[in-house]
Amino acid sequence: DKDCLKIWESLKNAFIYKNPCNITSEDYQPLMELASHPIPCNKSLFWSKTSDLAHRYTKSNQNFLTLEDTLLGYMADRVSWCGDPSAPGINYESCPKRSECESNPSSVFWKMASKMFAEAACGVVQVMLNGSVEVGAFRSSSIFGSIEIFNLNPDKVSAVHIWLMHDIGGPQSESCSGHSIKRLKSILEERNFKITCEDNYRPVQLLQCVHNPDHTDCRLCTNTT
């Protein structure tokens, strides 16, 4: 059981009356300790540039959890917040974006929560990437590429399964043999993880097909002559 009032107070104390561009990980440490909880092995699902699809999948298949399905992630998902040194201590009008200052309340929170989520992973973990974006499915500047991948514990995680998804009818900018996926595999191999990569993991693709049932990519079988 969690003390919701204490969790709210620790979140508020992390940023209230503080400069919104000068937040530190220490500000959020009490919150992280209060709200953290174990993640069952084999259930961790990481994602990059596949937010909507990943969360639709965990809602339809409760065998997997994204960070946003945990208590910490659920609390902050799609929410923006920041403090103000002057009364009332909270800025209700606007908050700085990551491009404006790196140490804003939201960015620091998500970096810490992402680190904890990765550290808690065990067994086989999954990562859902977008093979239809031009910039490459794996980006070292992403939260997954800069934080989560380096906080997976090789002593706890037995394998990393990459699901490389393409938009139905959209461009296939990269496959499992693509340049950025090779870079991802190299990083994982250096950290002694076993790796598999699958283009268009079928259970997830079927979810995409709900909105495109007549597309050729969504046919359950093809006629052969």
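Below is a short write-up of the structure.

Cut-offs and rules
Residues numbered from 1 in each chain as written. Predicted model: local features only at pLDDT ≥ 70, side-chain atom pairs only at ≥ 80, totals over all residues. Heavy atoms only, no water. 1 Å grid on protein atoms, 1.4 Å probe; cavity = no way out; pocket = protein on both sides within 12 Å on 5 of 7 lines; lining within 4 Å. Points joined across faces, edges and corners; volume = space filled by probe spheres on them. Helix = DSSP H or I, 4+ residues; strand = E, 2+ residues; numbered from the N terminus. Nonpolar A, V, L, I, M, F, W, Y, C, P; charged D, E, K, R; others polar. Core = buried A, V, L, I, M, F, W, Y, C linked by side-chain atoms within 4.5 Å. Buried < 20%, exposed > 50% of the residue type's maximum accessible area, 1.4 Å probe, protein only. Contact = heavy atoms within 4.5 Å. Axes fitted to C-alpha atoms, helices over the stretch in contact; angles between N-to-C directions. Parallel < 35°, antiparallel > 145°, perpendicular 65-115°, else oblique. Left-handed = near helix turned anticlockwise from the far one by under 90°. Salt bridge = Lys/Arg side-chain N within 4 Å of Asp/Glu carboxyl O.

Looking now at the layout of surface pockets. Where empty space is left in the structure can be found by rolling a water-sized probe over the atoms. A volume near 570 Å³ is recorded for the largest pocket. Lining the largest pocket are 22 residues, and of these Trp 47, Glu 68, Arg 98, Trp 110 and Ile 143 sit closest to its centre. Those elements that place two or more of their residues in the lining of the largest pocket are strand E1 (45-48), helix H5 (105-120) and helix H6 (143-151). The dominant element in the lining of the largest pocket, judged by the number of residues it contributes, is H5, at six residues. When grouped by side-chain class, the residues that make up the lining of the largest pocket number eight nonpolar, eight polar and six charged. In this model, the second largest pocket occupies a volume close to 250 Å³. Looking at the second largest pocket, it is lined by 15 residues, and the ones nearest its centre are Trp 8, Leu 11, Phe 15, Met 75 and Val 79. Residue assignment for the lining of the second largest pocket shows that the elements contributing at least two residues are helix H1 (4-15) and helix H4 (71-76). Of the residues assigned to the lining of the second largest pocket, the class counts are 13 nonpolar, two polar and no charged.

Take the nonpolar core next. Membership of the largest hydrophobic core comes to 43 residues, with the highest contact counts inside it found for Tyr 28, Phe 46, Phe 109, Leu 129, Leu 152 and Val 160. Elements with a contribution of two residues or more to this core: H1, helix H2 (25-35), H4, H5, strand E2 (123-130), H6, strand E3 (157-165) and helix H7 (179-190). For this core, the leading source of residues is H5, giving seven residues. Excluding anything up to four places from it in sequence, Leu 152 contacts Phe 46, Ala 118, Ala 121, Val 125, Val 157, Val 160, Arg 191 and Phe 193. Of all hydrophobic cores here, the second largest spans eleven residues; its members include Phe 64, Met 128, Met 165 and Tyr 201.

The interhelical angle for the contact between H5 and H6, taken along N-to-C directions, is 40°, at an axis separation of 7 Å. By the angle between their axes, H5 is oblique relative to H6. In terms of crossing hand, the pair formed by H5 and H6 is right-handed. Residues Lys 111, Ser 114, Lys 115, Phe 117, Ala 118 and Glu 119 of H5 form the contact with H6, whose own contacting residues are Ile 143, Ile 147, Glu 148 and Asn 151. Classifying every residue of the contact of H5 with H6 by side-chain character gives four nonpolar, two polar and four charged.

What the rule picks out here adds up to six salt bridges. Here Glu 102 makes a salt bridge to Arg 98, at a shortest N to O gap of 3.6 Å. Using a relative accessible area of 40% as the deciding quantity, one classes Glu 102 as partly exposed. Looking at Arg 98, the relative accessible area reads 41%, which means it is partly exposed. Of the charged contacts, one joins Lys 115 and Glu 119 as a salt bridge, the two residues approaching to 2.7 Å between their closest N and O atoms. Here the residue Lys 115 and the residue Glu 119 both occupy positions in helix H5, the gap between them amounting to four residues, near one helical turn. The partly exposed category is assigned to Lys 115, whose relative accessible area is 37%.

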